[in-house]
Amino acid sequence: MSPPIPPASARLNNTRWLAYVLLLVSGVIWLNQDWLSAFRIPEPLPVHTLLETVTIIIFASVFIVCWNAFGEIRKKSSVILAVAFLCTAILGFLHAITFQGMPGFSSPEDMHKSLSFWLVSRSIIATTLLGLALDPEDSPITQLQSYGVLLAGLLATCAWGILIFIFPDWIPLTFLPGKGQTVFKLGCELGLIAINTLTALLFYRHSLRFQSDKSAEHLHIERTPLFLASSMMAMSEVYFSIYAETSDVNVVIGHAFQLFSAIAIYRSMVAVNIHTPYAHLAATSVNLAQSAEELKLERQRLSRMIDTAIDGIITVDDHQNIILANPAAALIFGYELDDLIGRSLNILIPDRHRHAHRKHVHQFGETGITRRKMGTHFEDFYVTGCRASGEEFPIEASIAHQFENGHRFYTVIFRDITDRKVAKEKMAKYHEQLSQLSATLQSIREEERKHIARELHDDLGQLLAALRMDLSLLQRDAMFADKNKQTIHSMDQLILTAITTLRRIATDLRPRALDEGGLFFALQTLQKDFSQRHKIDCELIADETQLILDDVRSTAIYRIVQESLTNVARHADASYVQIEFQRNNEQLRFTIADNGKGIDEQDMSKSQSFGLVGMRERIKAMNGEFCVSSPAGEGTVIEIQLPLQAKQSA
C-alpha cells in the first residue's frame, strides 16, 4: 500500500488535473469555432456587466485583505498586490461602464475606450503576478511608504482614466466597427497570453518547491491557486482576441475563464488569509485547552504530593498569613488543618522569636535569594516551633519565596527533629564521657608507667647492682676465680646486659629525663637514642625555653613524638626525620616530618591505627588541633597546634 499523499501535494495534483481539464475543454472549443460562430448572445450587455461586476468585487476583496488584514504589519509584496488589485478593480469598473451599449456609451469610440481600460487593467494584473512569480526578495515596509505606493497607484489610475476619456486618440485603435479588434489589440492580447503563460509556469515551479508560511502575522499567498489563475487568464485572453462583435459567444467564454481566474486569485489571497487567523486562533484555543488540562493534572498531582508528604509544608503571604498547609504540618503543630488556614504564622512561633522571625523573613525576601536552609546545625536550633499545647520543639526547614501577581509568597518545608536533637545530645554526652574516660585512662596509664619504671629502676635495678658487687667480691678469691673464671665472666656480662635492658625498659615506660630535666632534655635523649638504635638521622629544632610546660602537656607531647618516631621506624622506610617546635604567647605548634614512603589515605582512617588514634585523643584532651598529610611518595608530615594558658606563656 502506497503512503498517503501529503495535503500540499494533493492540492497541487488536483489543481494540475483541473488545469488539464479546462485546457482540454478550451481546445475542444477552439477546434469548433465554426460551429460556435452560429451562436449569438441575445443580451450581451447584462452578461458582460454581471461577470465584470463579480470580478471587480473579487479584486476589491483582494485589496481589502492585502491592505488591512494585518494592520500595520505589512510587507512590500502585500502592499504592491493590494494597490495593483485596487487599480485593476477601478479600471475594470471603468471598462464595464464604457462597454458598448451602456447608457451614454454607444459609439465605436466608446468601445475603443472600454477595450483600452481592459488592456491597462489586464496588463497591471499580468505584470503584478509575474513580479510575484519571479519571487523577489521581500522586506518590511513602513506605513508612510505603504500610503506612498497607494497614492502613486491611484494617481497612475487617474492618469490612465483621464488619458483614455479625454485623449482616446493618443492610444492606438483597439476596435473597428464591422471589423472587430485591431492588430494592436490582438498584439496586446498575445503579449498578455505570453506573460500569463510564463507566470503560470513559474507558479507551478513554486508549488513544487515550497509552501508559504501560514502564520497569522503576515500575508499568506498560496502559489498553487495562482498557477491555476494565471493559466485561466492566459486561456481567457485567447478568447478575448478572436471575437468580432460583443454578441460573440467567445466573449462569454473569455469572461468565464476570467471568472475562474478571479476565483482562484480569491482562494489564493483572500480566503486563505481570512481562514488563517481563525485557524491559528482555533489551534491556539485547542493548545490552551490542552495546557489548561495539563495544568489541572499537574495541580492535582502536586496537591496529592503535598497532602501525602511526611514533611510539613506551609505557604504564607507577605503578611505572614497561612494560605496553604498540608496534613503533616497540622499534625506536627497539633492543630486541625482547617484551623491553620487563614491564621497568622505567629501562632506557630514562640512569643520571644516572633519579632526576630518577621524581620528575618522580610530580609530574606529582600535579598533576592529564593531558597535558604534553616536550622540545619544541631548546635544551632534557631528555628523553633510552638505546638498548640505550648510545647516548643526544634525544626529543620528550607524556605523559598516567589512573586505572583505582584505579591510575595513564602513556602516552608520543615520537619520535627526533636528525636534527632535528643539523639545528638546523647551522642555528644557519650562522646564527652568517652573522651574523659580516654583522658583518665591515659593519666592512669602514665601513672602506672611511672610507678613501674620507678619500681624497676629503684628496686630491681639496685638488686642487680648489688648482685654485680657480690660477683666482684668472688672475683677477688684467686683460687675460686681461677677455677670459675669463664663462668664468672659470663655471669658479669649477663648482669650487665640485664641492667642495660632494665634501664631501657624503664626509660620507655617513663624517661627519668622528663621528670629530672624537663621536656627539652627528654626529647634530646629520645632523639639521640632513636638515631643510634635505628640508624635514621633525626634533627630536633627547638629552644629549651619554648618547652617549659606543665607535666600533663610535657608528657603528652613526649608520647606523641615517641609514637611518631616509632611509626617512622616501623613503617616509613625513611632516612631523615625533623622535629620542629614554634611557640608564641597563644599556642605551641610543632611538626614531625619524614622523607619516607608516606601513609595511604585508607590507612589513616583505619580503626586499627591505634597510634594515630592515641595521638588524636591526647591532642583533643588539650583542645588542640591535629593534622596528618602524606602526599604519595613525599613522606609524612604531622602538624599539631596546642593552645597555651596565660600562666604558661613565655
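Positions within a chain are numbered from 1, following the residues in the order the chain's sequence is written. Where totals are concerned, whole chains, interfaces and linings use all residues; where local detail is concerned, this predicted model gives features only for residues with pLDDT of at least 70, and gives and counts side-chain atom pairs only at 80 or more. Hydrogen atoms and water are omitted, and side-chain values are computed over all heavy atoms in the structure.

Trainee: Help me understand the side chain of Thr-199, please; the structure alone is not making it clear to me.
Mentor: Helix and strand assignments come from DSSP, with helices taken as H or I runs of at least 4 residues and strands as E runs of at least 2, each series counted from the N terminus. Position of Thr-199 among the secondary structure elements: in helix α7 (residues 183–209). A relative accessible area of 0% places Thr-199 in the buried class. When sequence neighbours within four positions are dropped, the list of residues in contact with Thr-199 reads Ala-126, Leu-129, Leu-130, Ala-133 and Ser-230. Think of it in three bands: residues with accessible area under 20% of the maximum for their type are buried, residues over 50% are exposed, and the middle band is partly exposed, with areas taken using a 1.4 Å probe on protein chains only. The contact criterion used throughout is that any non-hydrogen atoms of two residues lie within 4.5 Å.

Trainee: In this structure, what is going on with the nonpolar core? I would like to understand it.
Mentor: Generally speaking, a soluble globular protein has its nonpolar side chains buried in company with each other. The nonpolar core is taken to be a set of buried Ala, Val, Leu, Ile, Met, Phe, Trp, Tyr and Cys residues, with the residues joined through side-chain atoms within 4.5 Å. Among the nonpolar cores identified, the biggest contains 46 residues, and Phe-59, Phe-85, Leu-129, Phe-203, Leu-226, Phe-257 and Ile-265 are the most heavily contacted of them. Elements represented by at least two residues in this core include exactly α1 (7–31), α3 (44–68), α4 (76–97), α5 (108–133), α7, α8 (223–240) and α9 (249–308). Within the second largest apolar cluster, 37 residues are counted, among which are Leu-588, Ile-619, Met-622 and Leu-644.

Trainee: How should I be thinking about a nonpolar patch on the surface in this particular structure?
Mentor: On the surface, Ile-162, Ile-166, Phe-167 and Trp-170 cluster together into a nonpolar patch covering about 460 Å² of accessible area. Inspection of the secondary structure assignment puts Ile-162 in helix α6 (residues 143–166). When its relative accessible area of 46% is taken as the criterion, Ile-162 is described as partly exposed. Note that patches include only residues with greater than 30% relative accessible area and no salt bridge, and the join distances are 9 Å for like charges and 5 Å for nonpolar side chains (Val, Leu, Ile, Met, Phe, Trp, Tyr). Residue exposure ignores everything except the shown protein chains as possible cover, and the areas themselves are Shrake-Rupley values with a 1.4 Å probe. A pair is scored as a salt bridge if a Lys or Arg side-chain nitrogen falls within 4 Å of a carboxyl oxygen belonging to Asp or Glu.

Trainee: Can you help me understand the sheet that holds strand β10 (residues 576–583) in this one?
Mentor: In any sheet, the strands associate via hydrogen bonds between backbone groups, in a parallel or an antiparallel arrangement. By the convention used here, strands pair only if DSSP detects at least 2 bridges between them. With mixed pairing, 5 strands are arranged side by side in an open sheet as β9-β10-β11-β13-β12. Where the open sheet ends on each side, the last strands, each with one partner, are β9 (537–541) and β12 (625–629). Put simply, the sheet's adjacent strands are angled 10 degrees from each other on average, direction ignored. By the bridge criterion, 7 bridges tie strand β11 (residues 587–594) to strand β13 (residues 637–643) in an arrangement that is antiparallel. From the neighbouring strand, Ile-592 faces β13, where its bridge partner is Ile-638. Here an axis means a line fitted to C-alpha atoms, over the contact stretch when the element is a helix, while the angle between two N-to-C directions is reported on a 0 to 180 degree scale.

Trainee: Just to check I follow, could you spell out the packing of aromatic side chains for this structure?
Mentor: A ring pair, where both rings are aromatic, is described by two values, the distance of the centres and the angle of the planes. Working definition: a ring pair exists when centres of Phe, Tyr or Trp rings (six-membered ring for Trp) sit within 6.5 Å. Plane angles under 30 degrees give stacked, over 60 give edge-to-face, the rest tilted. Scanning all chains against the criterion turns up 8 aromatic pairs. Aromatic pair Phe-59 and Phe-85: ring centres 5.2 Å apart, planes at 65 degrees, arrangement edge-to-face. Of the two residues, Phe-59 sits in helix α3 while Phe-85 sits in helix α4, which places them 26 residues apart along the sequence. The same class applies to Phe-59 and to Phe-85, which are both buried. Taken together, Phe-333, Phe-393 and Phe-414 form an aromatic cluster joined through their ring pairs.

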